[in-house]
Amino acid sequence: MALLNKSIVSPVLVGRAEEVARLANAVATVQQGHGQVMLVTGEAGIGKSRLVGELRQQAVAGGFMVLSGYCFEDDLLFPYAPLVDALRTFLSPQPANALATQLGVLAAELVKLLPELTLTLPTLQPTPALDPEAEKRRLFEALLHFFTQRTQGQPPAPLLLILEDLHWCDETSLDFLHLLARRIPTWPILLVATYRHDEVTPALRQWLLHLERGRLAQEILLCPLKEQEVQVQLQAIFALKRPVRTEFLNLLYRLTEGNPFFIEEVLKGLIAAGDIFYADGQWDRKPLQELHIPPTVQAAVQRRTAQVSAAAHQLLTIATVIGQRFDYPLLQQVMEKPDQELLALLRELVAAQLIVEASADNFVFRHALTRQTVYAELLGHERQALHRMIGAALEQLYADRLDIDVADLAYHFYEAGEWNKVLLYAPRAGEQAQALATPHAAIEQFSRALQAAHQVRQSERLPDLYRARGLAYDIVGDFAQARSDLEMVLKLARAAANRQAEWQALLDLGQMWAARDYRQTGSHFQQALALARTWETPTTLAYSLNRMGNWHVNVDEMGQGIRYHQEALAIFEQLADQRGLAQTFDLLGMAHLLNGDPVQSAANCQQAIALWSALNERQGSASTLALLPLCGVNHQNDLAFPASVTPAACLACCEQALQIAREIGWRAGEIYAENVGGFVLWSQGEYGQALTWLELARALAQEIEHDQWLCINLRGLGDLEFDLLALPPARQHLEQALALANQIGATMQAHSLVGRLLLVDIGQKAWGKAVDVLRSQLPDDPSRQSINEQLFWRGRIELALAQGDADLALTTIDRFFQAAPHTAGQPISVIPYLAYLRGRALTALQRWSEAESTLQSTLATEQVQAAPRLLWRLQIALGQLYHTQGRARVAEQAFAAARTVINQIAATLPDPALRDNFIRQTQAMMPPPRTVTPLQAAKAAHAGLTRREREVAALVGAGKSNRAIAEALMIGERTVEGHVGNLLSKLGFTSRAQIAVWAVEKGLTKP
């Protein structure tokens, strides 16, 4: 992405909806002839001009004439400065004849403000001079007449007068604007003025007071953007589909405090300098202390700091070294000044808008950029000395609470180069960051600790520090750094003959490799298990068994994997190890799901979630919350009895898992939750939203090179396209996923993808290829029903139906259902997709009654009502059954119901090609809808009444008697009685009054 050539300006106005609405209301009021004065205020860079620019566009679209004038810093002594700027901008492009028409007699007055008018109008002579006060009044009236005259042009148009940066405005202009504000209500003029509320001059303050007393203006105070709004701004600037990385957002927000100008300038300057860059699909940056403040922002900060005294600047310098927030006791300890003097300096900095008081003893820099600019001006030796002094002051002042301030202590002593102190505090700060789920902070602290350990040659500390940092790198998705650190741990452990550390390093490496190469995972886990069996440590053995069990599950050895997990479970239960139990239930949940038992899986997941919650283990919670939705009704469980997890609960679990993963910075967990969320939304018929979630997951998986989740994502995308009958793109994505699964040694995934490609072969009528796959893959025993084996059983059934062998299909369905877990005594509709296949087989065998009963009972199940992807298939199957029987009316009703669901699904699809193909393929599965004549349509719309019956109903609605109806229609009275009887029968009514009300409601007659 070539950002150096990109405009770093948000293409949309972010976070100002309420303010835009207020200005729009002012525009509407002025259009009705009532003038308005609007003041837009806020600090420098807050977006005043951007908001006014939005207003300008609205006004131009509404037919306004627009005049704009600006004040500049040296205009305070220049009378009429913003008005002259507005007039000059408006008049200078106009030729002489237009100027003469525009100005008329006013030209003789305005030439005093615009001497250059004499160049265009050589014969122009100024009016004779009066005394200063009278001259001022005459000029005011001329200006007032000029502005009001703009609204009386041909055609007349309301006027928008924009005057910006009134904090630099001269007193004479403010006097005129006070006059204009008093006169403006009777003219269609909108005066909009901007100013910085923290740089108000005495004259401007007096002007604002006049407006307030006279209730002449409305004020809009612009506040900094919220962090989420900055997120939206960044996505808009760089056209990003997914949110930017949390650590980058936090960094930018800390620097700019939500000031839009600062955000854009910082991005522009840092990208140009290469300090922040976008490469390989992700943001990255240099360390915070190396970032350069852009000159535009630096100059703005330096103007502020130059206004304070030398003593206040010294205090400001020390505060910048302390940090973005600093407290009074520490400041007093470092500066050694009496209270009265120190407070006076703090008041000076507050008055200069450099710091703000957060609480009684705490202060914070108003902008992080202020601190960064002042800090950057210090020499390296100065910084070190100040950091050393502040670290020592912290130790002395807070000796009883050092555990609370370890992050600050580690930071100051690291910057001071005090390595022994760094090794004392940085590891503890890293552990705190881990506990708070802030992995980037943990990486920073453990890196400091590692540097210190090397400096003071404490090699015995290295394994623990490398492991801690490696795990933090793994959480944020930095595979290369994580691998490097964990392999260093393994090397150090083996060199020191530390078997416990070696075992832990093997487990850590195995889990890390699971994202990329299951062969490496298996090798590491087998070594760890062999090591664990050499000493009597039950906990170590149980964790190794769990890891080996999960590996067996992922290489499609379900039974072996479950046995390992159950062995681990028995050990953890005996030890009452809650964390071990939570992990085991989570892994058993995954194993049972993949083994084709969603009910048992859900039970295990719920046990794990309760334990994770009690342990306050957020990463574990996110993992299991993302797993539980897969146990409910969804495309992965088409041939399994699903657990009782409602669609709403499924989506809520995904959203909760995603929120936790983002909060703790666990990027692999974020992908997991987004993938599952896509599956859930798709199963609920929300295909468009599902694609959005899957696209987000794929982008992040590619960004952090997580091949396992990328494989699952491509598989899910292929499944979705297959479900929408888009077979060529489905095959393409499934084949890409299969290649990736083989590359990383994910046998279970590869087996699953072979099964999915089998279904595509059947859909594309590649039956010989399908037969070959089934011959090698279909289990002999129908009780073998892992999630992969279900795919091959489904393939056998679908192929038999496609080739016209309904007997084989029905036999296979019944054998499979009888062997399925949790189905004893249940109707086949508890597995809706299997029941749908059975209904089709029974239809093909002309067992009409059984087929209709099966399809109707399945259609009525709660699961199907929540699964539109199956609903339309059942309705088409019923329509085909009725059509074959010659029951045209009910067949058409079933097909119509199917078309409704199909159109609802199609409406969610953003891709026109995917949408059109889906509609075309599904329509081909049904006969075209009957052509309905206008007469038939009218009859259908009115409960089947004939035209004559509708005429009678209309006259009944008009209050006519039978005799009057007979005369009106020129038929017999007895015939009318017959029609009224038919109306009562067909409409289910018992009185003429009901017919009359119905006729009015249907529009047959007027009330």
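Below is a short write-up of the structure.

What counts and what doesn't
- Residues numbered from 1 in each chain as written.
- Predicted model: local features only at pLDDT ≥ 70, side-chain atom pairs only at ≥ 80, totals over all residues.
- Heavy atoms only, no water.
- Salt bridge = Lys/Arg side-chain N within 4 Å of Asp/Glu carboxyl O.
- Helix = DSSP H or I, 4+ residues; strand = E, 2+ residues; numbered from the N terminus.
- Buried < 20%, exposed > 50% of the residue type's maximum accessible area, 1.4 Å probe, protein only.
- Axes fitted to C-alpha atoms, helices over the stretch in contact; angles between N-to-C directions.
- Parallel < 35°, antiparallel > 145°, perpendicular 65-115°, else oblique.
- Left-handed = near helix turned anticlockwise from the far one by under 90°.
- Contact = heavy atoms within 4.5 Å.
- Pairing = 2+ DSSP bridges.
- Nonpolar A, V, L, I, M, F, W, Y, C, P; charged D, E, K, R; others polar.

As enumerated under the stated definition, the model contains 40 salt bridges in all. The partner of Arg873 in a salt bridge is Asp723, and the shortest N-O contact between them spans 3.3 Å. Within this pair, whereas Arg873 is found in helix 43 (residues 868-885), its partner Asp723 is found in helix 34 (residues 707-723), the two being separated by 150 residues in sequence. Comparing Arg873 with Asp723 shows no difference in burial state: the two are buried. Where Glu735 meets Arg731, a salt bridge forms, and the shortest distance between an N and an O atom there is 3.6 Å. With Glu735 and Arg731 both in helix 35 (residues 727-744), this residue pair falls four residues apart, about one helical turn. Residue classification places Glu735 among the partly exposed residues on the basis of a relative accessible area of 39%. A single network of salt bridges, built from pairs that share partners, joins Asp638, Asp723, Arg794, Glu798, Arg840, Arg869 and Arg873.

At their nearest, the axes of helix 31 (residues 647-664) and helix 32 (residues 667-683) sit 8 Å apart, and the two run at 160° to each other. Considered as vectors, helix 31 and helix 32 are oriented roughly antiparallel to each other. Crossing of helix 31 over helix 32 shows left-handed handedness. Between helix 31 and helix 32, the residues in contact are Cys650, Leu651, Cys654, Ala657, Leu658, Ala661 and Arg662 and Gly669, Glu670, Ala673, Glu674, Val676, Gly677, Val680 and Leu681, respectively.

So, on to the sheet that holds strand 9 (residues 355-359). Taken together, three strands build an open sheet; the order of strands is 8-10-9 and the sheet is antiparallel. Looking at which strands have only one partner, the edges of the open sheet turn out to be strand 8 (325-327) and strand 9. Strand-to-strand twist across the sheet, computed as the mean angle between neighbouring axes with direction ignored, equals 30°. Across four bridges, the pairing between strand 9 and strand 10 (residues 362-365) is antiparallel. Looking at the pairing, Ser359 lines up with Asn362 of strand 10. Sitting on the sheet, helix 15 (residues 328-335) touches strand 8 and strand 10, and the angle it makes with strand 8 is about 70°.

So, about the packing of helix 7 (residues 132-150) against helix 8 (residues 171-183). At a closest axis distance of 10 Å, the pairing of helix 7 and helix 8 adopts a crossing angle of 50°. Classified by the interaxial angle, the pair formed by helix 7 and helix 8 is oblique. Every pair of crossing elements has a handedness; the one defined by helix 7 and helix 8 is right-handed. Of helix 8, the residues touching helix 7 (which contributes Lys136, Phe140, Glu141, Leu143, Leu144 and Phe147) are Thr172, Asp175, Phe176, Leu179, Leu180 and Arg183. Split by residue class, the contact of helix 7 with helix 8 holds seven nonpolar, one polar and four charged.

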